[in-house]
Each structure stands twice: as structure tokens, then as C-alpha cells.
Amino acid sequence: MTGTTPPAAPTSVELMDQLARAAAAYYRNFATVAAARGLTLMQGKMLSLLRRPVSMRTLAELLACDASNVTGIVDRLEGHGLVRREADPADRRIKRVTLTEEGERTVREIRAELLTTLGGLDDLGDRDRRTLQRVLCRLFPVGTD
């Protein structure tokens, strides 16, 4: 034994600050990648949420913004040919937003380019990947909608 003590575990505040810096860096990169395709950060974020058709209300909740903002974002994305609105089969009053083929291609391109800025993810082994996913799920439980 060398007589040295291991470094103290980071405090919750230190972890929160580190998480905030990581999120800020991620969204700076995301904004740059989206802008290269003529999109705003919010438009890019919305596209990335559309893994399946989602109601306008759900998009507002996921983006933590007013429904009227979602309408404007969807209008602009429709203008770019990246999304379309469709009536919900269960309730035709509800409008769902879905990706077009062009939208799907754009999302794939954005994700691929973002992965180049997050090369450290590829360096993680299976155990570290599972640990990271488990920690993220504990910090940010994801709903089913």
C-alpha cells in the first residue's frame, strides 16, 4: 500500500455541472450539423424525435415548448419536405407528424455526422455502454410515448 487515498467521489453538484457542460457541447455540435442542412437546432431536434409518427401535443411535451411553437416548426419542416402531417387513425382530430423519406435520410445524415464528434462512444466496450445506458435511464427515465 502506497499510503495515498483515492480521490473523493464527485459531488452531485460537480456531476450536474459536468452533465450541463456535456449537454451544451452536444447541442452546439447538433446545431452546427443541423445548420449545415439549413435547419435550426429545434428543427433538428424535432426530426430526431420522430422515430415513429408522434402527435403535435407529444412533440410539444418532448421539446418542452408551447404547441404554437411546434406548429411553426412543423410548418417549416413540411416546407423543406422533411415531415408530413397525417390524421391519427384512432381520432381524426389529432394530427400526427411523421418523417418523409427525405426526412429519414436527413436524420440518418445528422446522426452519422454527430457520431464523428462523439468518437469516444465507439471506444466504449459493451460493459461501459450498458453502464452508461443504465445511468442515463436512472437520471432521465423515458416514457413510452
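For the structure itself, consult the block above.
These figures come from a predicted structure and were not determined experimentally. (Residues numbered from 1 in each chain as written. Predicted model: local features only at pLDDT ≥ 70, side-chain atom pairs only at ≥ 80, totals over all residues. Heavy atoms only, no water.)

A few points about the overall build of the chain
Check the secondary structure of the chain and you find seven helices and three strands. When the helices and strands of the chain are read in sequence order from the N terminus, they spell out α-α-β-α-α-β-β-α-α-α. Computed over its C-alpha atoms, the radius of gyration of the chain comes to 19 Å, more than 25% above the 15 Å expected for a compact globule of 145 residues. With the C-alpha coordinates of the chain rotated into their principal frame, the extents come out at 70 × 30 × 25 Å. Sequence-distant contacts, at least 24 apart, represent 46% of the contacts inside the chain between residues at least 6 apart. Surface summary for the chain: the accessible area is close to 10300 Å², and the carbon and sulfur share equals 55%. (Helix = DSSP H or I, 4+ residues; strand = E, 2+ residues; numbered from the N terminus. Rg over C-alpha atoms; globule rule 2.2 N^0.38 Å. Contact = heavy atoms within 4.5 Å. Areas by Shrake-Rupley, 256 points an atom, 1.4 Å probe, with all protein chains shown as cover.)

Examining the nonpolar core
In terms of nonpolar packing, the biggest core is built from 24 residues, with Met46, Leu47, Leu50, Val70, Leu77 and Val83 touching the most fellow members. Where this core is concerned, the elements lending two or more residues are helix H1 (12-35), helix H2 (41-49), helix H3 (56-63), helix H4 (67-79), strand E3 (95-99) and helix H5 (101-117). Once residues within four sequence positions are removed from consideration, Leu77 is found in contact with Leu39, Gln43, Met46, Leu47, Leu82 and Val83. (Core = buried A, V, L, I, M, F, W, Y, C linked by side-chain atoms within 4.5 Å. Buried < 20%, exposed > 50% of the residue type's maximum accessible area, 1.4 Å probe, protein only.)

Worth remembering: the numbers are spatial, not functional.
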